[in-house]
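What follows is the residue order along each chain.
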Amino acid sequence: MLTPRAVAALLAAAALLAACGDPTKKERAAQPVAARVNGEAITVPQIDLVLQQQPGLRPQQTDAAARVVLERLIHQQLAVQRAAELKLERDPRVQLQLDAARREVLARAYAEHVGAAAAKPTDDEIRRYHDEHPWLFAQRRIYQLQEFAVEARPDQLDALRAQLEATRQTGEFVEWLRANGYRFVATQAVRPAEQLPPAVAKAIAALDDGQALFNVAPGGVQIVVRAGSREQPVDFDTARPAIEQRMLAERRRALVRDDLVAQRQKARVEYVGAFAASPPPAVDPAASDVLPEASSPAR
């Protein structure tokens, strides 16, 4: 059964899709109706749209989940009708949010359309991916990580790096940061290798417990300490379905990235006002929210 929080999240996604525009009256009339709210129909496809966003939903849960979704869609429709009475769509902030929702949905539809041309990986390619990423499979580990985001000037980076290398315990490093007036945020996490960014996972695997990654970031440094770890390997047969899914997602992302680069090269982009005063930062299209996520290869 869907939890209230899960249903609320799914309804939010459905609301974003709805912002792209309602079907015409003729199209809506042809859809099976689940309920009417003050004469306005809530259709079965609207319910299905929400349920499709919950891939883990079991067949035996569908009917009960659909009823929960319908009740929440009724509440949502009541809110929409009241918002229309209050003419909230004229609020500039609401207009911006609606426009942002429409742009997001269309951009993701574009990504799905372009990415659909990605070729499914072969058995040999899946096996090769498994063999080339031992830190995710045969040598997979669960890591205890301590992460520090430290604000620092460029002339302070060498001192930070030297102190990190000289410190045996992270507690000592924290005290040094405080004693020297550095502003920082420290967090701790336990993460399996596949939940880390690919480059970070490979780099962390090459460290010993107690060692750290030191990466220069805008405004300072990002430090990731491998505080501890334990082995938890995944065999090929277990990992195979997720590897295939991940490879396909990566290929879709590559297709969308290449298409975005081509579109950017053809487009005429003009920077205005304060944004024209300095050159734009280098942003990889792979960082765009348009691109689909790659799934985790290990389960």
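Worth saying up front: this structure is predicted, and the values here are computed from it rather than measured.

**Looking at a nonpolar patch on the surface**
Reasoning step 1: Together, Val269, Tyr271 and Phe275 line one region of the surface with nonpolar side chains, adding up to about 330 Å² of accessible area.
Reasoning step 2: Residue position: phenylalanine 275 is located in the segment after helix H10 (236-266).

**Focus: unusual backbone geometry**
Reasoning step 1: Unusually for a residue other than glycine, asparagine 38 sits at a positive phi of about 50°.
Reasoning step 2: Position of asparagine 38 among the secondary structure elements: in the loop between strand E1 (33-37) and strand E2 (40-43).
Reasoning step 3: Phi is positive for lysine 87, close to 55°, though the residue is something other than glycine.
Reasoning step 4: In this structure, lysine 87 sits in the loop between helix H4 (62-85) and helix H5 (92-115).
Reasoning step 5: Take lysine 87: its relative accessible area is 41%, and that puts it in the partly exposed class.

**Things to note about helix H3 (residues 44-51)**
Reasoning step 1: Listed in full, the buried residues belonging to H3 are Ile47, Val50 and Leu51. Projected onto a plane normal to the axis of H3, the buried residues spread over an arc of 100° and lie on a single side.

**Examining the packing of helix H6 (residues 123-132) against H10**
When two helices pack together, you describe them by how their axes are tilted relative to each other and by the distance separating the axes.
Reasoning step 1: One way to put it is that H6 packs onto H10 with a least axis distance of 9 Å and a crossing angle of 100°. One way to sum up the angle between H6 and H10 is to call them roughly perpendicular. For the pair H6 and H10, contact is made by Asp123, Glu125, Ile126, Arg127, Tyr129 and His130 and by Phe236, Arg240, Ile243, Glu244, Arg246, Met247, Glu250 and Arg251, respectively.
Reasoning step 2: Residues that form the contact of H6 with H10 fall into these classes: five nonpolar, one polar and eight charged.

**As for the pattern of salt bridges**
Reasoning step 1: Scanning the model with the defined rule gives 16 salt bridges in all.
Reasoning step 2: Of the charged contacts, one joins arginine 140 and glutamate 194 as a salt bridge, the two residues approaching to 2.8 Å between their closest N and O atoms. One end of the pair, arginine 140, is in the loop between H6 and strand E3 (141-151); the other, glutamate 194, is in the loop between strand E4 (184-192) and helix H9 (198-205), with 54 residues separating them in the sequence.
Reasoning step 3: A residue is classified by how much of its surface remains accessible, and arginine 140, at 4% relative accessible area, is buried.
Reasoning step 4: The shortest N-O distance in the salt bridge between arginine 226 and aspartate 209 comes to 2.6 Å. Taken together, the residues span a long stretch of sequence, with arginine 226 in strand E6 (residues 220-231) and aspartate 209 in the loop between H9 and strand E5 (212-217) at a distance of 17 residues.
Reasoning step 5: Its relative accessible area of 6% is what places arginine 226 among the buried residues.
Reasoning step 6: We classify aspartate 209 as partly exposed; its relative accessible area is 41%.
Reasoning step 7: Sharing partners across several salt bridges, the network here consists of Lys120, Asp123, Arg240 and Glu244.

Rules used in this analysis
- Residues numbered from 1 in each chain as written.
- Predicted model: local features only at pLDDT ≥ 70, side-chain atom pairs only at ≥ 80, totals over all residues.
- Heavy atoms only, no water.
- Patch = residues over 30% accessible without salt bridge, like charges linked within 9 Å, V, L, I, M, F, W, Y side chains within 5 Å.
- Areas by Shrake-Rupley, 256 points an atom, 1.4 Å probe, with all protein chains shown as cover.
- Salt bridge = Lys/Arg side-chain N within 4 Å of Asp/Glu carboxyl O.
- Helix = DSSP H or I, 4+ residues; strand = E, 2+ residues; numbered from the N terminus.
- Buried < 20%, exposed > 50% of the residue type's maximum accessible area, 1.4 Å probe, protein only.
- Arc of directions from axis to C-beta.
- Axes fitted to C-alpha atoms, helices over the stretch in contact; angles between N-to-C directions.
- Parallel < 35°, antiparallel > 145°, perpendicular 65-115°, else oblique.
- Contact = heavy atoms within 4.5 Å.
- Nonpolar A, V, L, I, M, F, W, Y, C, P; charged D, E, K, R; others polar.

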